[in-house]
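Coordinates in review
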Amino acid sequence: MNQEKITSRDKAVRLRMEGSGPASETPVTIHQMFLETVGKYGDHPALVSKKGGQWVTLTWRQYYEQCRAAAKSFLKVCLFILLYCTKAITTVQSGRILGSGTCVSYVGIYTTNTPEACQYVAASSEANILVVENQKQLEKILQVKDQLPHLKAIVQYKGELQQKAPFLYTWAEFMKLGEEVPDEQLNAVTDSLRANECCTLIFTSGTTGNPKGVMLSHDNLTWTAYTACSMVNVKYAEEVLVSYLPLSHVAAQLCDMWMATRLAMTTYFAEPDALKGSLVNTLKEARPTCFLGVPRVWEKMQEKMKAIGAKATPMRRTVAGWAKSIGLQYNYSVMNGENRVPWGFMLANNLVFKKVRESLGLDRCKLCFTGAAPITKETLEYFMSLNIPLLELYGMSESAGPHTISDSQSYRITSCGKLMPGCKTKLENPDEDGSGEVCFWGRHVFMGYLNMPDKTAEALDQDGWLHSGDLGRHDQNDFLYITGRIKELIITAGGENIPPVPIEDAVKAEVPIISNAMLIGDKLKFLSMLLTLKCVVDDNGEPTDELSHEALSFCQQHNVTATTVSEIIANKEPAIYKAIQEGMERANARATSNAQKIQKWVILERDFSATGGELGPTMKLRRPIVVKMYQEKINELYAVAI
C-alpha cells in the first residue's frame with residue numbers, strides 16, 4: 001500500500017488523518033453515512049423529480065431501498081463498474097457503491113460528450129456496465145461498442161428500447177435481475193467496504209489533453225461533505241437543493257449527493273434543458289434554501305434582469321437604481337463586518353429586493369454560492385446590489401470539490417473564501433506580490449489518477465501536496481484570491497507573463513455587446529483578442545445568429561439597425577466597431593505595461609458554447625481547443641506585423 005498516492009483502482013491509500021481537530025474525525029464509508037441518515041430521517045423527503053408534469057417524492061428510506069435493489073442487480077450481473085451518461089439518477093450511483101465489493105466504482109460522462117469521448121472514458125476505466133439516460137445517449141455508445149471489449153451490458157434509464165439485444169436492458173428489466181439476490185449477500189458486500197478505498201472516478205474535462213480519471217475514496221467524499229457542511233449555516237433535514245449540473249461534475253456530486261446525504265437535504269431535479277432556460281422555473285417551484293450557480297447561470301440571470309429593466313418605465317428604473325445603490329452599500333458594510341443598515345434599506349427591500357428574489361425562486365435561499373469557473377467583479381456587485389451576495393468557493397476534482405469556502409458571515413468580494421478546517425494551503429514560489437502556486441493538503445486530496453503514474457507524480461509531490469496549477473495570494477485576513485492559472489499564462493515573445501482573465505473581464509465590462517473574449521499572444525509579439533457578440537441561444541443550447549436583447553439595446557444606443565451577428569460582421573458596422581475599439585482603448589489605459597495592451601481583435605461569426613466545444617460543462621473556456629478551432633483567424637491577425 002503506497003503511503004500517499006496510488007494509480008490502481010483496487011488498492012487502498014493511507015488516510016491523511018491527524019491526532020486531533022477536524023482531520024481526526026473517524027472515517028466512514030458512503031454506505032455508513034447513508035445508513036445513519038436513513039436511521040434518523042427515513043421519512044424525510046430525499047429526492048423530488050417530475051414525472052408527467054407532476055412532482056414525485058422519494059423519502060430517504062424509499063431512496064435507500066431503491067439503491068439496495070439496484071445494488072443487487074449489479075451483484076447479479078457480477079459487474080462492478082458503472083459508467084453513467086445521465087444527470088439525475090442518484091439511485092444508480094448510490095446503488096452501484098452499495099453493490100461494489102473490492103472494485104471501484106462509478107464513472108461519470110457528460111451527456112454532451114461525443115461518441116469518441118465516451119469511448120475513451122469507457123475504455124480507460126474498463127467499464128462493464130453503462131447506464132445511459134435515453135435513446136440518444138444509447139446511440140452514441142452503440143457507435144463505439146465494438147471498441148469496448150470490457151462492456152457486457154447497457155442499461156437505458158428512460159423510455160423503451162427501440163431495438164433488442166442480449167446486452168441491452170431497460171431500467172425496469174435491469175432492476176428485476178437482482179430480485180432473488182439475498183439480503184445477506186448484499187450486506188456482506190456493504191460490510192466489506194473500506195473508507196480508504198476508491199469510491200468514485202471523476203474524469204477531468206480534458207482541456208489540456210486526454211481526460212484523467214480522478215480516484216476519490218469514500219473518506220475523500222464523506223469527510224469533505226461533513227467538513228464543508230460545518231463551515232456554513234445549514235441544518236439537518238431542513239435544507240432544499242436544486243440539482244441541475246451533470247453529476248459527473250465534482251461540484252454537483254458533492255453538493256447534490258454527498259452533502260445532501262450527510263444533512264438529509266431534499267434535492268429537486270431540474271429538467272434536462274435547465275441550462276437552456278428552464279432552471280428558473282424549477283427554482284421558483286422548489287424554492288431552495290441553498291443554491292450553487294456556476295458563473296454562467298448568474299450571468300444569464302443578470303442579462304435577463306437587465307433586459308427586463310430596460311423595458312421598465314422611467315419611474316421604475318429610478319426606484320430600482322436607488323434601491324441597488326442602497327443594496328450595494330449595505331452588503332459592502334456586512335462584508336466588512338460593520339453591519340450598518342443604511343437609511344431606506346427596508347423600503348428598498350420591500351419594493352425591490354424581495355420581488356427580485358421571488359422572481360428568481362430564491363426567496364428562501366440563505367446561501368447563494370458560485371464556483372467551478374471565474375466570475376467577474378461586475379456580476380458579483382450586481383447581485384450584491386440586489387441583496388443577493390454570491391459566495392465564492394474554490395477547489396478542484398482532485399480535492400473532492402471545495403478547498404476554500406465563503407459564507408454569509410465571512411466573505412470578501414472576488415475572494416474564494418477561507419480554508420476548510422483540517423486542511424492546509426501552501427503558496428509555492430511566490431512573487432513580490434505574494435502570489436504563488438496554490439497547493440493543497442488534507443483528507444479531501446485524491447488518491448491518484450487511474451493508471452497514470454506520471455500524471456499522478458506531477459500533481460502530488462513527494463511530500464503529498466496537491467499542486468493546483470492555479471496562482472493565488474492571501475490577504476491579511478487569510479482570504480484566498482485566485483490571480484491566474486499557470487497553464488493559462490500567456491508568455492509573449494518578449495518573455496512577459498500575462499494572466500488573460502483580468503484583461504478579458506476588463507474588455508467585457510467596457511463593451512456590453514461582447515459575450516466572450518479570449519486573449520491570444522502566447523509566444524507571439526503582441527496581444528490580440530477573439531470576440532463574440534451576445535446572441536439568442538436556441539432550445540438545443542446552440543448560439544444563433546440573432547442578437548440578444550442586450551446586444552440589440554447596445555446597437556440602438558449607437559443608431560445601428562442590425563439585428564444579427566452576421567450583419568454586423570458583413571458590414572463591419574462602423575459604429576459598433578468604433579465602440580469596441582474605444583472600449584479596448586479604455587481597457588488598455590489601465591494595463592500595467594505596454595506588453596499587456598491589446599493591439600488587434602476580431603469578431604467571430606458565432607458565440608462560444610458547450611455544444612460547439614469552446615466551453616466545458618461548467619462554461620469554462622477551453623483555451624487550447626479554441627486556438628485550434630480558430631487558428632486561421634489568429635494567423636490573419638498576425639499576418640502583418642504592427
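Residues numbered from 1 in each chain as written. Predicted model: local features only at pLDDT ≥ 70, side-chain atom pairs only at ≥ 80, totals over all residues. Heavy atoms only, no water.

Some words on the confidence of the model for the protein chain
Let me state the cut-off plainly: The predictor attaches a confidence to each residue, and that confidence, scored 0 to 100, is pLDDT. Contact definition: two residues touch when any of their heavy atoms are within 4.5 Å.
Of the residues in the protein chain, 93% have a pLDDT of 70 or more, and the chain-wide mean is 88. The low-confidence segment residues 80-88, where pLDDT is below 50, has 61 contacts with residues more than four positions distant or belonging to other chains. Contacts for the low-pLDDT stretch residues 99-105, under 50 throughout, to residues beyond four places or in other chains number 29 contacts.

A few points about helix 19 (residues 574-589)
Here is the rule we go by: A run of H or I in DSSP becomes a helix once it reaches four residues, and a run of E becomes a strand once it reaches two; helices and strands are each numbered from the N terminus. Helices are assigned an expected span. That span is 1.5 Å times one less than the residue count. Exposed residues in this analysis have more than 50% of their type's maximum accessible area, buried residues have under 20%, and partly exposed residues fall in between, with area computed by a 1.4 Å probe over protein chains only.
The terminal C-alpha atoms of helix 19, which comprises 16 residues, lie 22 Å apart, in line with the 22 Å expected from a rise of 1.5 Å per residue. Taken together, the buried positions of helix 19 are Ile576, Tyr577, Ala579, Ile580, Gly583, Met584, Ala587 and Asn588. Buried residues along helix 19 sit in contact with helix 16 (500-510), strand 25 (527-533), helix 17 (549-557), helix 18 (565-570) and strand 28 (598-603).

Some points on the sheet that holds strand 1 (residues 45-51)
Backbone-to-backbone hydrogen bonds join strands into a sheet, with any given pair of strands oriented parallel or antiparallel. Which entries qualify depends on this criterion: Should DSSP find at least two bridges between two strands, the strands are regarded as paired. Geometry is summarised by axes, namely lines fitted to C-alpha atoms with helices restricted to the contacting stretch, and by angles between N-to-C directions that run from 0 to 180 degrees.
Strand order in the open sheet formed by 4 strands is 2-1-11-10, with mixed pairing between adjacent strands. Looking at which strands have only one partner, the edges of the open sheet turn out to be strand 2 (54-59) and strand 10 (240-243). Strand after strand, the sheet turns through a mean of 25° between neighbouring axes, direction not considered. In the packing of helix 9 (residues 250-263) onto the sheet, the strands contacted are strand 10 and strand 11 (266-269), and the crossing angle to strand 10 comes to about 150°.

Considering the packing of helix 10 (residues 279-286) against helix 13 (residues 345-360)
Stated formally: What sets the label is the angle itself: under 35 degrees gives roughly parallel, over 145 gives roughly antiparallel, 65 to 115 gives roughly perpendicular, and the rest give oblique. For this classification, the nonpolar set comprises Ala, Val, Leu, Ile, Met, Phe, Trp, Tyr, Cys and Pro, the charged set comprises Asp, Glu, Lys and Arg, and every other residue, Gly included, is treated as polar.
Remark: helix 10 packs on helix 13, axes separated minimally by 7 Å, with the N-to-C direction vectors making an angle of 110°. Relative to helix 13, the element helix 10 lies roughly perpendicular. Within the contact between the two elements, helix 10 uses Val280, Leu283 and Lys284 and helix 13 uses Glu358, Ser359 and Leu360. When its residues are assigned to classes, the contact of helix 10 with helix 13 shows 3 nonpolar, 1 polar and 2 charged.

Let's talk about the environment of Leu427
As for its position among the elements, Leu427 is in strand 17 (residues 424-428). Ignoring anything within four residues of it in the chain, the contact list for Leu427 reads Gly434, Gly436, Glu437, Val438, Gly472, Arg473 and His474.

A look at the packing of aromatic side chains
Basically, it comes down to this: For Phe, Tyr and Trp, where Trp contributes only its six-membered ring, two rings pair if their centres lie within 6.5 Å, and the inter-plane angle classes them as stacked under 30 degrees, edge-to-face over 60, or tilted in between. Should the NZ of a Lys or the CZ of an Arg lie within 6 Å of a ring centre and within 35 degrees of the ring normal, that charge is described as sitting over the ring.
Throughout the structure, instances matching the rule amount to 22 aromatic pairs. The interplanar angle of 85° and the centroid separation of 5.6 Å between the aromatic rings of Tyr382 and Phe383 together place this pair among those described as edge-to-face. The pair Tyr382 / Phe383 is uniform in exposure class, with both members buried. Members of the aromatic cluster, joined through ring pairs, are Phe74, Tyr157, Tyr169, Trp171 and Phe174. Lying over the aromatic face of Tyr481, Arg473 brings its terminal NZ or CZ to 4.4 Å of the ring centre.

Observations regarding the pattern of salt bridges
To be explicit about the condition: We define a salt bridge as a side-chain nitrogen of Lys or Arg found within 4 Å of a carboxyl oxygen belonging to Asp or Glu.
Across all of its chains, the model carries 25 salt bridges by this definition. In this structure, the salt-bridge partner of Lys164 is Glu173, at a minimum N-O distance of 3.9 Å. The residue Lys306 makes a salt bridge to Glu378 at a minimum N-O spacing of 3.2 Å. With Lys306 in helix 11 (residues 295-310) and Glu378 in helix 14 (residues 377-385), this residue pair connects regions lying 72 residues apart in the sequence.

Side note on the nonpolar core
Put simply, the rule is: To form a nonpolar core, buried Ala, Val, Leu, Ile, Met, Phe, Trp, Tyr and Cys residues must be joined to one another through side-chain atoms within 4.5 Å.
Counting residues in hydrophobic clusters, the biggest one holds 90 residues, and the most contacted among them are Tyr244, Leu279, Phe291, Trp298, Met301, Phe383 and Phe446. Phe383 has contacts with Trp298, Met301, Gln302, Met305, Leu360, Ile388, Pro389 and Leu390, leaving out every residue within four places of it along the chain. Formed by 33 residues, the second largest nonpolar core is a distinct cluster that contains Ala506, Ile514, Ala517 and Ala551.

Some thoughts on the sheet that holds strand 24 (residues 514-520)
In space, the 3 strands of this open sheet follow the order 24-25-28, with mixed pairing throughout. Here the strands that pair on one side only, and so sit at the sheet edges, are strand 24 and strand 28. Taken over all neighbouring pairs, the strand axes of this sheet differ in orientation by 25° on average, direction set aside. Two elements, strand 24 and strand 25, share 5 bridges in a ladder whose sense is antiparallel. Of the residues in strand 25, the one forming a bridge with Ile514 is Leu533. Along the sheet, helix 19 contacts strand 25 and strand 28; its crossing angle with strand 28, the most-contacted strand, is approximately 145°.

Some remarks on the packing of helix 11 against helix 14
Threshold: Left-handed describes a crossing in which the near helix is turned anticlockwise from the far one by less than a right angle; the clockwise case is right-handed.
Where helix 11 contacts helix 14, the axes come no closer than 10 Å and their chain directions differ by 60°. What the angle tells us is that helix 11 and helix 14 run oblique. Note on packing geometry: the crossing formed by helix 11 with helix 14 is left-handed. Contact residues: helix 11 offers Trp298, Glu299, Met301, Gln302, Met305 and Lys306, while helix 14 offers Glu378, Thr379, Tyr382 and Phe383. Each residue belonging to the contact of helix 11 with helix 14 can be placed in one class, and the counts come to 5 nonpolar, 2 polar and 3 charged.

Considering unusual backbone geometry
In this structure, Asn339 is a non-glycine residue whose phi angle is positive, near 55°. Of note, Asn339 is situated in the loop between helix 12 (314-335) and helix 13. Exposure remark for Asn339: the relative accessible area of 49% places this residue in the partly exposed category. Residues other than glycine seldom take positive phi values, yet Asn559 does so here, at roughly 55°. For Asn559, the location among the structural elements is in the loop between helix 17 and helix 18. When its relative accessible area of 73% is taken as the criterion, Asn559 is described as exposed.

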